[in-house]
Amino acid sequence: MCGVSPKSIGSKMWESHPTLRALIKMTTSGRYKFPTADCDEEQKEIMRQSETRARDQESKIAEMLFLPKSTARKKEKRPNNSIPHHGGSRVSARQRQKQAKILARQREQEAALALADAQRIKKMLRAAQKSIMLWDPESTARKPPKESVNLILSVDELFSL
């Protein structure tokens, strides 16, 4: 549409939509790299900061949408696994050492389970975040998803843009 009527639609889109401007630059130059080749270091830094803020927002949205409520709120109360101290009863040093080893092993297992669960959740959120992309047409340009660039490349090849 921008190419068909560049004076009306094209100029309006160029002025008000930075991401579309970047896509047009990529298409006309044939260099599908982001940020575009004509950006100076200041513009690149602004784009990086904007991209980081948007990714943080996307991450929060992914957590809100895809993180199971049970894992977000679930804080299991574990019984106190400390070594029982029996007031007047006699416990030998060997029994205390054995109990301490058992307790240490239990703590290691719990830590390993917690780590595995955290990694599973992180992986799930990362996968979910890939399906979310915030896009404000009037804010700074964002790097288009790979699928979009592949689509533009095929359209460019098909129609010789």
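Each value, and the rule that gives it
- Residues numbered from 1 in each chain as written.
- Predicted model: local features only at pLDDT ≥ 70, side-chain atom pairs only at ≥ 80, totals over all residues.
- Heavy atoms only, no water.
- Core = buried A, V, L, I, M, F, W, Y, C linked by side-chain atoms within 4.5 Å.
- Buried < 20%, exposed > 50% of the residue type's maximum accessible area, 1.4 Å probe, protein only.
- Contact = heavy atoms within 4.5 Å.
- Helix = DSSP H or I, 4+ residues; strand = E, 2+ residues; numbered from the N terminus.
- Expected span 1.5 Å × (residues − 1).
- Arc of directions from axis to C-beta.
- Salt bridge = Lys/Arg side-chain N within 4 Å of Asp/Glu carboxyl O.

Caption draft 1: Structural detail: the nonpolar core. One finds Ala22, Leu23, Met26, Phe34, Cys39, Met47, Ala141 and Ile152 forming the largest nonpolar core, which totals eight residues. In this structure Leu23 touches Pro144 and Ile152, once residues within four positions along its chain are discounted. In this structure, Leu67, Leu125, Ala128 and Ile132 belong to the second largest nonpolar core, which totals six residues.

Caption draft 2: Expanded view of helix H6 (residues 146-159). The end-to-end C-alpha distance of H6 is 20 Å, a good match for the 20 Å that 14 residues give at a rise of 1.5 Å each. Of the residues making up H6, those classed as buried are Val149, Ile152 and Asp156. Buried residues of H6, viewed axially, fall in a sector of 60°; they line one side. The outward face of H6, more than 90 degrees from its buried face, is lined by the exposed residues Lys146, Glu147, Leu151, Glu157 and Leu158. Where H6 is buried, its residues contact helix H2 (18-29). The first or second residue beyond H6 is Ser160, which carries a positive phi of 50°.

Caption draft 3: Structural view of the pattern of salt bridges. The full count for this structure, using the stated rule, is four salt bridges. Between Arg120 and Asp117 there is a salt bridge, and its shortest N-O distance comes to 2.7 Å. Of this pair, Arg120 and Asp117 both sit in helix H5 (residues 93-129), separated by three residues, roughly a single helical turn. Since its relative accessible area comes to 31%, Asp117 is described here as partly exposed. Three or more residues joined by partner-sharing salt bridges are found here, namely Glu51, Arg55 and Glu58.

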